Amino acid sequence: MADDDPGEDPALADFPARAPDTRRWCFADQLGPHFLDDPHQEVLLVESRAVFRRRRFHRQKAHLLLSALRHRAAELGDQARFLQTTTYGEALDAVDEPLSVCAPTTWPARDFVLARDGVQVLASRGFVTDEQTFRRWASGRGGDGGKRLLMDDFYRAARQHHDVLMEGGEPTGGKYNFDHDNREPPPKDGSSPAPEPWIPAEDEIDEQVRADLDRWEADGDVCFVGDDGPRLFPVTRRETLHRLRDFLAHRLAAFGPHEDAMLAGEPWLAHSLLSAPMNLGLVDPAEVVQRAEKAYRDEGLPLNSVEGFVRQVMGWRDYIWHLYWHLGRDYRHGNALGAHAEVPAWMAELDTTDLDAACLSGVVGDLRSRGWLHHIPRLMVLGNYALQRGIEPLAMTDWMHRTFVDAYDWVMVPNVVGMSQHADGGVLATKPYAAGGAYIDRMSDYCGGCRYDPKKRLGEDACPFTAGYWGFLDRVEDTLAGNRRMAQPLAGLRRLKDREAVVEQEQQRGTDPY
Ligand SMILES: Cc1cc2nc3c(=O)[nH]c(=O)nc-3n(C[C@H](O)[C@H](O)[C@H](O)COP(=O)(O)OP(=O)(O)OC[C@H]3O[C@@H](n4cnc5c(N)ncnc54)[C@H](O)[C@@H]3O)c2cc1C
Ligand code: SF4
């Protein structure tokens, strides 16, 4: 399964844990105190403008990254040397003292730090389970004839290892997973199951960031997509803890049951909105998990919600992180279903003007205004659409990476290439996450206001997801013929009396706006 032998790739070496007596170079996603060996350690922070020149990011993502970095620099004061340069190389050339850095979160960044003289690379931080522990768990699994690296198995092992939601060796409540009680459709009256989340207030650093971005854009130096807007996500540890406390006190109780629901007018529902600050490294996810467990024990929050949330953080988040390394450098290039369509212009531009499909229009509009969607619009609307229409997985990964405020290479590659686009041939998910309009209709309130009918696959009002589902199966029939979990859907395809007409209709529709 793995492309590389972890033992041989220098980026996957067993790095030492600490180097307290060096200046600590912290990347812009390593901003919390847990990336230092002692609270007074000297720090190097680098703001590189080249990052924004190279790719077209969502405006709010650029704002968030710069704001977080500058807030950390301000917080550390004289303890930090803060260099604002064009490239990282330029910044490092200006530093003439030994540095240490926690292993960065991408392949290219690890290669870069390993190639620099005078930089000591340490074990990565910012995840509940460390890389060595994952490797021990994974060894003996995953190879030919070995056990698959299933998230559920990893999560169980992590719960036991870290003693989270456990009672004397047994899982709290008698089982590891309470999803049976979750995944309900949205409330029928269209109201959110939880109160509005706490949103941080902007300050003078945000003002400066906004002015700089405006100037760079006006100079033609950088180019963004998406609306500028009030900053919605935390940029400091203090703000992150505020959001976490608010989530635990007011919103976590409703998290489980409505985790998969979508509402046109309620983007946040009961989600935690913690991915962006966690991925900036502002809070240690182990602390997030501990506080959620404490809320269960002290406040009696429902176990199905608490367990569901803990599984997202120490299960899914860690699992995705470890797979990014385990699956190797070439994993991103997988294209098992031979998908070669371009990301359509309306998607790239976040332009809803011509979109008749209410779900696509709603989701793309939300993304334009906030740079964030919860996991079901990502997976079952945008991802499902790209899968059905054969958009090239790497192009989709790049687009999502640039457009979501919480996106980084380590988290986008496995989530898009593996989970959402099945481009790895089934390493991460045993069958593609393809679904017709009936799923979206059940889990959202979009279809009621749509000009298409989720039950129709042929004709003027044929739902692009329902018809697209059959078009997709027709396209991948031969490739997925050996997949046992696809036997039933493929048998359904073969029984379809209007198969030819539906396929032709969807080929004509392509990825054009409707
Ligand atoms: C196609 C696709 C792309 C995604 N891209 C990203 C991404 O770029 N960055 C990102 O952080 N998450 C990504 N996710 C996972 C998930 O959608 C987001 O973490 C979540 O929606 C963020 O909102 P939240 O903090 O309110 O999460 P909640 O629903 O409150 O969940 C709690 C936490 O669980 C973690 N989590 C849950 N699922 C995943 C997962 N599959 N991978 C990693 N972490 C997970 C996140 O840290 C999240 O904050 C992606 C999922 C899909 C299907
Ligand atoms: S009918 Fe189809 S296109 Fe319209 S909202 Fe429902 S799933 Fe989306």
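Residues numbered from 1 in each chain as written. Chains lettered and ligands numbered in written order. Predicted model: local features only at pLDDT ≥ 70, side-chain atom pairs only at ≥ 80, totals over all residues. Heavy atoms only, no water.

Caption draft 1: Region of the structure containing the layout of surface pockets. Roughly 790 Å³ of volume is contained in the second largest pocket. Forming the walls of the second largest pocket are 28 residues, and the residues nearest its centre are Val-51, Arg-54, Tyr-88, Thr-106 and Ala-109. When residues of the lining of the second largest pocket are traced back to their parent elements, those giving at least two are strand S2 (43–48), helix H1 (50–54), helix H2 (59–76) and helix H4 (107–115). Residue classes in the lining of the second largest pocket are distributed as 16 nonpolar, 5 polar and 7 charged. (1 Å grid on protein atoms, 1.4 Å probe; cavity = no way out; pocket = protein on both sides within 12 Å on 5 of 7 lines; lining within 4 Å. Points joined across faces, edges and corners; volume = space filled by probe spheres on them. Helix = DSSP H or I, 4+ residues; strand = E, 2+ residues; numbered from the N terminus. Nonpolar A, V, L, I, M, F, W, Y, C, P; charged D, E, K, R; others polar.)

Caption draft 2: A look at the site of ligand 1. In the vicinity of ligand 1 there are 28 residues, among which His-271, Ser-272, Leu-273, Ser-275 and Asn-279 approach most closely. Measuring from an oxygen atom of ligand 1, one finds a side-chain N or O atom of Ser-272 at 2.7 Å. A total of 800 Å² of accessible area belongs to ligand 1 in isolation, and the protein chains cover 98% of it. In terms of residues, the shell around ligand 1 owes the most to one element, helix H11 (residues 303–326), which gives 6 residues. Of the residues belonging to the shell around ligand 1, the class tally is 16 nonpolar, 9 polar and 3 charged. (Near = heavy atom within 4 Å. Polar contact = N/O pair within 3.5 Å; in protein donor to acceptor, adjacent residues only side chain to side chain. Areas by Shrake-Rupley, 256 points an atom, 1.4 Å probe, with all protein chains shown as cover.)

Caption draft 3: Geometry of unusual backbone geometry. The phi dihedral of Leu-165 falls on the positive side, at around 50°, and the residue is not glycine. Given a relative accessible area of 0%, Leu-165 falls into the buried group. The phi dihedral of Leu-273 falls on the positive side, at around 55°, and the residue is not glycine. Structurally, Leu-273 can be placed in the loop between helix H8 (237–251) and helix H9 (275–279). (Buried < 20%, exposed > 50% of the residue type's maximum accessible area, 1.4 Å probe, protein only.)

Caption draft 4: Inspection of the site of ligand 2 at higher detail. Close to ligand 2 lie Ala-357, Cys-359, Gly-437, Ile-440, Tyr-446, Cys-447, Cys-450, Tyr-452, Pro-454, Cys-463 and Pro-464. For the shell around ligand 2, the residue count by class is 10 nonpolar, 1 polar and no charged.

Caption draft 5: Structural detail: the environment of Gly-89. As for its placement among the helices and strands, Gly-89 is situated in helix H3 (residues 88–93). With a relative accessible area of 16%, Gly-89 lands in the buried category. Remark: the alpha-carbon pair of Gly-89 and Pro-489, spanning 400 residues in sequence, is separated by 52 Å. If we skip the residues at most four places from it in the chain, Gly-89 touches Phe-112 and Arg-116. (Contact = heavy atoms within 4.5 Å.)

Caption draft 6: Quick look at the sheet that holds strand S1 (residues 23–26). Spatially, 5 strands are ordered S3-S2-S1-S4-S5 in an open sheet, and the strand pairing comes out parallel. Only two strands of the sheet have a single neighbouring strand rather than two, namely strand S3 (80–85) and strand S5 (119–122). Sheet twist, expressed as the mean angle between neighbouring strand axes with direction ignored, is 30°. With 3 bridges connecting them, S1 and S2 associate as parallel partners. By the bridge assignment, Trp-25 is partnered in S2 with Leu-44. Across the sheet, H2 is in contact with S2 and S3; its angle to S2 comes to roughly 150°. Seen against the sheet, H4 touches S1, strand S4 (99–102) and S5 and runs at an angle of roughly 135° to S5. (Pairing = 2+ DSSP bridges. Axes fitted to C-alpha atoms, helices over the stretch in contact; angles between N-to-C directions.)

Caption draft 7: Just the packing of aromatic side chains, in detail. Across all of its chains, the model carries 26 aromatic pairs by this definition. Between the aromatic rings of Phe-233 and Trp-268, the centroid separation amounts to 6.2 Å while the plane-to-plane angle is 80°, which identifies the pairing as edge-to-face. Residue Phe-233 is located in the loop between helix H7 (204–218) and H8, and its partner Trp-268 is located in the loop between H8 and H9; the two are separated by 35 residues in the primary sequence. Trp-268 shares its class with Phe-233; the two are buried. Taken together, Trp-107, Phe-127, Trp-321, Tyr-324, Trp-325 and Trp-410 form an aromatic cluster joined through their ring pairs. The ring of Tyr-408 carries the charged tip of Lys-61 above its face, separated from the ring centre by 5.5 Å. (Phe/Tyr/Trp six-rings, centres within 6.5 Å; stacked < 30°, edge-to-face > 60°. Lys NZ or Arg CZ within 6 Å of the ring centre and 35° of its normal.)

Caption draft 8: A look at the pairing of S4. Residue alternation in S4 divides its side chains into two sets, Leu-99 and Val-101 and Ser-100 and Cys-102, and both sets are buried. Taken together, the 2 bridges between S1 and S4 define a ladder with parallel strand orientation. Directly across from Arg-24, in S4, lies its bridge partner Ser-100. Of the pairings in the sheet, the one linking S4 to S5 comprises 4 bridges and is parallel in character.

Caption draft 9: Inspection of the pattern of salt bridges at higher detail. One pass over the full model with this rule turns up 47 salt bridges. Its salt-bridge partner being Asp-212, residue Arg-70 comes within 2.8 Å of it at the nearest N-O pair. Within this pair, whereas Arg-70 is found in helix H2, its partner Asp-212 is found in helix H7, the two being separated by 142 residues in sequence. The class for Asp-212 is buried, based on a relative accessible area of 8%. (Salt bridge = Lys/Arg side-chain N within 4 Å of Asp/Glu carboxyl O.)

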